[in-house]
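Given next are the chains, with one letter for each unit.
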Amino acid sequence: MIIVKIGGSVFSDKKGDPENFDVETVRRIAKEIAGFYPAEDFIIVHGGGSFGHPEAKRYGIREGLPEGWENAHRKRIGFTLTHQAMLRANAKFIEAFVAENLPAFSVSTSSIFITENGDVAYGDVEVIQRLVDLRFIPVLFGDVSIDLAKGIEILSGDQIITYLAKMLEPKKVIFLMDVDGIYDGKPGEGKLIQNLRLDEIDGLFERLSCIASGTDVTGGICNKLREAKKIACFSEVWFVNGKVPGRLSGAIRGDGFGTVLRE
Ligand code: ATP
Ligand code: IP8
């Protein structure tokens, strides 16, 4: 089993118009996956990109559910609208995969996961495992979540993958990004790290100014690396450029260009 995270930066321009979707890139990613399916099982998780993030920010979903009817009511509406935006992104993914003759099946993240401060506290992976057993390709997504501590939260696609990797032990997790892999500085300034060992990650946190060993890192590449550090205990982790044709196939085969993180 291979889990592929399609980052928001790959399928949309996060700084562009709301709900922009790069259908050509997603069709090409689906085509690359079709080259390995059904010999290989896949689970897809996609990020929020220009769909979930603007709504989540507008309504301050990460602040949780406040006291007082009026404020809480506005947040409930925002919670619903953020989820609907993600459902629209997800529908576009399913359409693109089905157009490449892949049995992609939408699994609504917020219906099977409950978080505690953004990390998965409960997850029902039975449906996902059975879909895979039946040769479907489950497609999950970063989403809103019911949260045990804050009432409501955002569950990032990267956090979902950590939980799935722990429960399902895939042989590989592949993060598709809009850069060639993990750099030891800002992309464009730093050097691409092609081979990364688990015991080198804490040093990288410091170099990238993420807060030391990981508990307080926020967003972006730091959050991705924090999750990757956990995933690497269960599976090989690849970071490759999803915008460049062939890079995903290379990571699936194991001879790709990008960053590979091993224990
Ligand atoms: P999302 O989490 O919304 O789905 P994503 O998976 O595409 O998005 P981001 O959180 O946007 O990923 O993180 C990837 C971005 O991190 C890249 O676009 C890159 O520009 C930026 N970045 C910053 N520092 C680094 C670094 N040292 N190595 C690699 N990428 C970096
Ligand atoms: O882009 C965020 O998921 P991510 C999902 O994987 C929402 O972090 C709803 C903003």
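Cut-offs used in this document
- The residue numbering used here restarts from 1 in each chain and proceeds along that chain's sequence as written.
- Throughout, the order in which chains and ligands are written sets their labels, letters from A for the former and numbers from 1 for the latter.
- Thresholds applied to this predicted model are a pLDDT of at least 70 for local features of residues and 80 or more for the giving and counting of side-chain atom pairs; totals over whole chains, interfaces and linings are not thresholded and use all residues.
- Working from all heavy atoms in the structure, the side-chain values ignore hydrogens and water.
- Strands here mean DSSP runs of E at least two residues long; helices mean DSSP runs of H or I at least four residues long; both are numbered from the N terminus.
- When we talk radius of gyration, it's over C-alpha atoms, and the globule rule is simply 2.2 Å times the number of residues to the 0.38.
- The classification of residues rests on relative accessible area computed with a 1.4 Å probe and restricted to protein chains. Under 20% of the type maximum is buried, over 50% is exposed, and intermediate values are partly exposed.
- By definition, residues are in contact when any of their heavy atoms lie within 4.5 Å.
- In this description, accessible areas are obtained by the Shrake-Rupley approach with a 1.4 Å probe, and a residue is regarded as covered only by the protein chains that are shown.
- Positive charge is attributed to Lys and Arg, negative charge to Asp and Glu, and no charge count is given to His or to the chain ends.
- Charge coordinates come from a single atom per side chain, which is NZ of Lys, CZ of Arg, CG of Asp or CD of Glu.
- Salt bridges are defined by distance alone: a side-chain nitrogen of Lys or Arg within 4 Å of a carboxyl oxygen of Asp or Glu.
- One heavy atom suffices: a residue is near a molecule or strand as soon as one of its heavy atoms comes within 4 Å of it.
- Counting of polar contacts relies on pairs of N or O atoms within 3.5 Å, with two restrictions inside protein: one atom must be capable of donating a hydrogen and the other of accepting it, and residues adjacent in sequence are counted only when both atoms are side-chain atoms.
- Two cysteine sulfurs form a disulfide in these notes if their separation is within 2.5 Å.
- Strands qualify as paired when DSSP identifies two bridges or more between them.
- To define axes, lines are fitted to C-alpha atoms, for helices over the stretch in contact only, and angles between the resulting N-to-C directions are given on a 0 to 180 degree scale.

Asker: How should the overall build of the chain be read in this particular structure?
Answerer: Each helix and strand counted, the chain has 10 helices and 12 strands in total. Radius of gyration (C-alpha) of the chain: 18 Å, near the 18 Å computed for a compact globule of 263 residues. Along the three orthogonal principal directions, the C-alpha set of the chain runs to about 55 × 45 × 35 Å. The buried share among the 263 residues of the chain stands at 53%. In the chain, the proportion of contacts linking residues at least 24 apart, taken out of those at least 6 apart, comes to 74%. Carbon and sulfur atoms provide 51% of the accessible area of the chain, an area that totals close to 12000 Å². Seen as two clouds, the 32 positive and the 37 negative side-chain charges of the chain have centres 3 Å apart.

Asker: Where do I start with the pattern of salt bridges in this structure?
Answerer: Close approach of charged atoms allows side chains with opposite charge to pair. Evaluation of the coordinates by the stated rule reveals 22 salt bridges. Between lysine 75 and glutamate 63 there is a salt bridge; the shortest N-O distance is 2.9 Å. Taken together, the positions of lysine 75 in helix 4 (residues 69–99) and glutamate 63 in the loop between helix 3 (49–58) and helix 4 put the pair 12 residues apart, joining distant regions of the chain. Using a relative accessible area of 8% as the deciding quantity, one classes lysine 75 as buried. Within this structure, Lys5, Asp158 and Lys224 form a network of salt bridges that share partners.

Asker: I'm lost on the site of ligand 1 in this one. Help?
Answerer: Neighbouring ligand 1 are 19 residues; Gly8, Ser9, Lys14, Asp178 and Lys224 lie closest to it. Taking lysine 5, its side chain carries an N or O atom lying 3.1 Å from an oxygen atom of ligand 1. Histidine 53 is positioned such that a nitrogen or oxygen atom in its side chain is 3.3 Å from an oxygen atom of ligand 1. Isolated, ligand 1 exposes 640 Å² of accessible area, and the fraction of that covered by the protein chains is 82%.

Asker: Is there a simple way to think about unusual backbone geometry in this case?
Answerer: Most peptide bonds are trans, and most residues other than glycine sit at a negative phi. Residue tyrosine 37 is joined to proline 38 through a cis peptide bond whose omega torsion reads 5 degrees. Mapped onto the fold, proline 38 is located in the loop between helix 2 (23–34) and strand 2 (42–46). A positive phi angle is found at asparagine 101, which is not glycine, with a value near 65 degrees. With respect to the element layout, asparagine 101 can be found in the loop between helix 4 and strand 3 (104–106).

Asker: For this particular structure, what's the right way to read the state of the cysteines?
Answerer: Should the sulfur atoms of two cysteines be covalently bonded, the bond is a disulfide. If you walk through the whole model with that rule in mind, you get one disulfide. One disulfide in the model links cysteine 210 with cysteine 222; its S-S distance is 1.9 Å. Between cysteine 210 and cysteine 222, the S-S dihedral sits near -75 degrees, and the bridge is therefore left-handed. Of this pair, cysteine 210 sits in the loop between helix 8 (201–207) and helix 9 (220–231) while cysteine 222 sits in helix 9, and the two are 12 residues apart along the sequence. Taken individually, cysteine 210 and cysteine 222 each receive the classification buried, so the pair is uniform in this respect. Note on cysteine 233: no disulfide assigned, nearest cysteine sulfur contributed by cysteine 210 at a separation of 18 Å. Look at cysteine 233 and you get partly exposed, because its relative accessible area is 45%.

Asker: How do you make sense of the pairing of strand 5 (residues 119–123) when you look at a structure like this?
Answerer: For a regular strand, the rule is simple: side chains alternate between the two faces of the sheet. Note that strand 4 (residues 113–116) and strand 5 share four bridges and pair antiparallel. In the sheet register, isoleucine 114 faces strand 5, and the bridge partner there is tyrosine 122. A loop of two residues connects strand 4 with strand 5, the two strands running antiparallel in sequence, and asparagine 117 in this loop sits at a positive phi of about 50 degrees.

Asker: Please explain the site of ligand 2 as it appears in this structure.
Answerer: The local shell around ligand 2 consists of Lys5, Gly47, Gly48, Gly52, His53, Thr82, Met86, Gly142, Asp143, Ile154, Ser156 and Gly157. Glycine 48 places a polar main-chain atom, nitrogen or oxygen, 2.8 Å from an oxygen atom of ligand 2. A distance of 2.9 Å separates an oxygen atom of ligand 2 from a polar side-chain atom of histidine 53. For ligand 2, the accessible surface in isolation is 320 Å², of which the surrounding protein chains cover 91%.

Asker: Would you mind showing me how to read the sheet that holds strand 7 (residues 143–147) here?
Answerer: Through backbone hydrogen bonds, the strands of a sheet pair up, either in parallel or in antiparallel fashion. Strand order in the open sheet made by the four strands is 5-4-7-8, with mixed pairing throughout. Here the strands that pair on one side only, and so sit at the sheet edges, are strand 5 and strand 8 (151–155). Direction aside, the axes of adjacent strands within the sheet are offset by 50 degrees on average. Relative to strand 8, strand 7 runs antiparallel, the two being bridged by five bridges. Note that in strand 8 the partner of aspartate 147 across the bridge is glycine 151.

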